[in-house]
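Spelled out, the chains give:
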Amino acid sequence: MDSGFAKYDITQDYAWNFDHAPEPGDDAVPGVGGDWSYCGVPVDSPLGIAAGPLLNGKWLLYYAALGFDILTYKTVRSCERASYSLPNLQPIAWPSGGTFPDEVGVTGTMQGSWAVSFGMPSKPPRYWRDDVAATRDRLAKRKFLCVSVVATAEHDWSIDDLAADYAQCANWAAESGADGVEANFSCPNVSSVDGQLYLNPTDAGIVAAKLREVIPDKPLLLKVGHIEHRETAHALLEAVVPFADALVMVNGLSAKVRQPGGGLLFEGQCRGLAGEAIRETALGQLALFDGLIREFGMDVRLVGVGGLGQAADVRACLDRGCEAVQFATAAMVDPGLGLAIRRNGF
Ligand SMILES: Cc1cc2nc3c(=O)[nH]c(=O)nc-3n(C[C@H](O)[C@H](O)[C@H](O)COP(=O)(O)O)c2cc1C
């Protein structure tokens, strides 16, 4: 049901939405009780917004006023990058049951899931650094401003070059007053090496170590994509746990998107699916990682994301070892989601 809150307009492009952030309202925000923290930093609730919906500081402050206490600034780079063209958010039909399909079909209206196609655009560093600093100044104390960063690889870059570019962004974010940095180790919409870092434990470890070196005193979170196999999950944990405070999972799951006429959208390339379609996969992966962390006594936190949209989903994540949750799709479809979850309790 539409709760009437101003929201992202999927018929308009990224630049238009960037310039049309709604003004924060003054809705009453119900308390949730309990003690919550994000990577050791006290916050008022475990409710967060994932990297994506918060295009800039204005969007961030809008969602902060709607009962979200963990605000992840959409992924930024060390250089300017334009967004892909429309459609950036293409609603898809989801065939229930069975294994995750290689391909999905489009739908005219949003039914809970969409294909995400932005290509991780970024304003130039000077712009986002100033925006993060100004936003942190305006944000209440017990709200956590996390900046998501990614490297922009050149074709001949070594893994050390890649790590240095991640580190540059993390350093700038920290200097701008970010409370923490989330490094995006997975992007289903790009095919370069930085899109799949989480599947290469050795490289992921090198980048995580470099990031830790440049932000020794601030929380470092790593965002990962879908991991099916226990061995891969274990190897990734072994490689990054010495450096990271938390793992955030999952990013969108890759699939091709077919139009009604039969042709493939996005020139036949995969895009990340987000929303209800990936909830079960996300919860399953959290259970896998939670089990490994317990079994091997590892010191790292988990943050759940992927298809979450109800109070029961928050509980499901907390029960799978998460200290917090992030919403993207459901909070874009209904920005009043945080208020509703707070009213219902979890
Ligand atoms: C509009 C939109 C933009 C996104 N942009 C990013 C991004 O820049 N960086 C990133 O790490 N994830 C990005 N994501 C992925 C989300 O953070 C999240 O992992 C994914 O959407 C699954 O959560 P959901 O089912 O609640 O949408 C984006 C998702 C959406 C919907």
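Preceding this paragraph is the structure being described.
Residues numbered from 1 in each chain as written. Predicted model: local features only at pLDDT ≥ 70, side-chain atom pairs only at ≥ 80, totals over all residues.

**Overview of the overall build of the protein**
Tallying secondary structure elements over the protein gives ten helices and 15 strands in all. For the protein, whose C-alpha radius of gyration is 18 Å, the value lies close to the compact-globule estimate of 20 Å for 346 residues. If one aligns the C-alpha atoms of the protein with their principal axes, the spans along those axes are about 45 × 45 × 45 Å. When each of the 346 residues of the protein is scored for burial, the buried share is 49%. (Helix = DSSP H or I, 4+ residues; strand = E, 2+ residues; numbered from the N terminus. Rg over C-alpha atoms; globule rule 2.2 N^0.38 Å. Buried ≥ 20, exposed ≤ 12 C-beta atoms within 10 Å, placed from the backbone.)

**Topic: the site of the ligand**
Within the structure, the ligand sits among 26 residues, and Ala50, Gly52, Ala274, Ala328 and Thr329 are positioned closest to it. Put simply, the parts of the chain that give the shell around the ligand at least two residues each are β4 (70-76), β13 (271-275) and α9 (329-333). Classifying every residue of the shell around the ligand gives 14 nonpolar, ten polar and two charged. (Near = placed C-beta within 6 Å. Nonpolar A, V, L, I, M, F, W, Y, C, P; charged D, E, K, R; others polar.)

**Some words on the sheet that holds strand β6 (residues 103-105)**
Sheet architecture is open: five strands sit in the order β5-β7-β13-β12-β6, paired in mixed fashion. The outermost strands of the open sheet, each flanked by one partner alone, are β5 (89-91) and β6. Mean inter-strand twist for the sheet, computed between neighbouring axes without regard to direction, equals 50°. In this sheet, strand β12 (residues 253-258) lies alongside β6 in parallel orientation, the contact comprising three bridges. Bridging from a neighbouring strand, Val104 pairs with Val257 of β12. (Pairing = 2+ DSSP bridges. Axes fitted to C-alpha atoms, helices over the stretch in contact; angles between N-to-C directions.)

**Topic: the environment of Glu276**
Position of Glu276 relative to the elements: it lies in the loop between β13 and α7 (279-295). The sequence separation of Glu276 and Gly345 amounts to 69 residues, and the corresponding C-alpha distance is 20 Å.

**Some remarks on unusual backbone geometry**
Following Leu86, the chain continues into Pro87 via a peptide bond in cis, with omega recorded as 0°. You can see Pro87 is positioned in the loop between β4 and β5. Residues Met249 and Val250 are joined by a peptide bond in cis, for which omega reads 10°. In this structure, Phe266 takes a positive phi of about 55° despite not being glycine. Taking the number of C-beta atoms within 10 Å as the measure of exposure, Phe266 has 15 and is therefore partly exposed.

**So, the environment of Glu182**
Secondary-structure assignment places Glu182 in strand β9 (residues 180-184). A tally of 27 C-beta atoms within 10 Å means that Glu182 is categorised as buried. Along the primary structure Glu182 and Asp245 are separated by 63 residues, whereas in three dimensions their C-alpha atoms are 10.0 Å apart. Not counting residues up to four positions away in its chain, the partners in contact with Glu182 are Ala51, Thr72, Cys146, Ser148, Leu221, Lys223 and Val248. (Contact = placed C-beta atoms within 7 Å.)

**As for the nonpolar core**
In terms of nonpolar packing, the biggest core is built from 104 residues, with Tyr63, Leu71 and Tyr166 touching the most fellow members. The dominant element in this core, judged by the number of residues it contributes, is helix α4 (residues 159-175), at nine residues. Residues in contact with Tyr166, not counting those within four places in the same chain, are Val149, Ala151, Ala183, Val207, Lys210 and Leu211. (Core = buried A, V, L, I, M, F, W, Y, C linked by C-beta atoms within 7 Å.)

**Considering the sheet that holds strand β11 (residues 246-249)**
Hydrogen bonding along the main chain pairs the strands of a sheet, whether they run parallel or antiparallel. Read around the closed barrel, the eight strands follow the order β3-β4-β8-β9-β10-β11-β14-β15; overall the barrel is parallel. Across this sheet, the average inter-strand angle for adjacent strands is 25°, counted without regard to direction. Across four bridges, β11 lies against strand β14 (residues 301-305) in parallel orientation. Counterpart to Ala246 in the pairing with β14 is Arg301.

**Digging into the packing of α4 against helix α5 (residues 201-214)**
For the pair α4 and α5, the least separation of the axes is 9 Å and the interaxial angle reads 35°. Crossing of α4 against α5: the hand is right-handed. Across the interface between the two elements, Ile159, Leu162, Ala163, Ala164, Tyr166, Ala167, Ala170 and Asn171 from α4 touch Asp203, Ile206, Val207, Lys210, Leu211 and Val214 from α5. Split by residue class, the contact of α4 with α5 holds eleven nonpolar, one polar and two charged. (Left-handed = near helix turned anticlockwise from the far one by under 90°.)

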